[in-house]
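Topology and contacts: notes
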Amino acid sequence: IFTKSNNAPVVAQLLSYMSVSQARAGDLAGAAATNQRMLELMPGNIGALRNLAIISRDLGKPDDAMNYLNQAIAASAGNVADLKPLLQFAAELYQAKGDTTQVAAQYEKIVELDPTDLNALINLANLYTATANDAKLIEIEQKLIALDPQNYQYPLGMAQALARQGRTQEALISAQQARAL
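1. Considering the packing of helix H2 (residues 28-41) against helix H3 (residues 46-58)
Contact geometry of H2 with H3 gives a least axis separation of 9 Å together with a crossing angle of 155 degrees. With respect to H3, the element H2 is oriented roughly antiparallel. H3 is crossed by H2, and the crossing has left-handed handedness. Only Gly 47, Ala 48, Leu 49, Asn 51, Leu 52, Ile 55 and Asp 58 of H3 make contact with H2, whose side of the interface consists of Leu 28, Ala 31, Ala 32, Asn 35, Gln 36, Met 38 and Leu 39.

2. Considerations on the nonpolar core
Core analysis: the largest hydrophobic core is formed by 47 residues, its most contacted members being Leu 69, Tyr 107, Leu 124 and Ile 140. With residues near it in sequence (within four places) discarded, Leu 124 still touches Ala 104, Tyr 107, Glu 108, Val 111 and Ile 140.

3. What to know about helix H1 (residues 8-24)
Spanning 17 residues, H1 covers 24 Å between terminal C-alpha atoms, matching the ideal 24 Å at 1.5 Å per step. When we look at burial in H1, the residues that qualify are Ala 8, Val 11, Ala 12, Leu 15, Ser 16, Ser 19 and Gln 22. Taken end-on, H1 shows its buried residues confined to a sector of 145 degrees, consistent with a single buried face. Exposed positions of H1 whose direction lies more than 90 degrees from the buried face are Val 10, Tyr 17 and Arg 24. Check the buried side of H1 and you find it contacts H2 and H3. Two residues or fewer past H1, Gly 26 is found with a positive phi of approximately 90 degrees.

So, how was this worked out
- Residues numbered from 1 in each chain as written.
- Predicted model: local features only at pLDDT ≥ 70, side-chain atom pairs only at ≥ 80, totals over all residues.
- Heavy atoms only, no water.
- Axes fitted to C-alpha atoms, helices over the stretch in contact; angles between N-to-C directions.
- Helix = DSSP H or I, 4+ residues; strand = E, 2+ residues; numbered from the N terminus.
- Parallel < 35°, antiparallel > 145°, perpendicular 65-115°, else oblique.
- Left-handed = near helix turned anticlockwise from the far one by under 90°.
- Contact = heavy atoms within 4.5 Å.
- Core = buried A, V, L, I, M, F, W, Y, C linked by side-chain atoms within 4.5 Å.
- Buried < 20%, exposed > 50% of the residue type's maximum accessible area, 1.4 Å probe, protein only.
- Expected span 1.5 Å × (residues − 1).
- Arc of directions from axis to C-beta.

Structure representation (structure tokens):
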């Protein structure tokens, strides 16, 4: 049943169910082997690559996790539905390593794919606040204001960043906008 054939997608789905069962039972090595088998049947299978990245992370192998994740990103061929969660996972892996530059890069890629992704924009705003990158923070706050004009936090965040840059007149205008909300 687990041989390469015209039924490879069906077999891959069965293997996927099997790997989930193995992982839930705590058999991460078995789940990894099952996902490897899935890749033999369907090279570049995004689900198997993502699962291997998750398993590698859970086994304390962040470099292997990133390797599998990069393969999944490449295999996604720009499909936004596949790519966004993969980039989100990449951001989480980089965050665990303390690499804020790469965390920001992943969220920037998400925003490039979907300029209306509030979660990615909010994460970028938090990152740029934490790293005192006021120029980038102002850009992100402007996007957030455009997407959610009734939220006072975005003009307030922009006012604070503008004030830190010495742009007091613009900061006052943003603060007044926040206060009006």
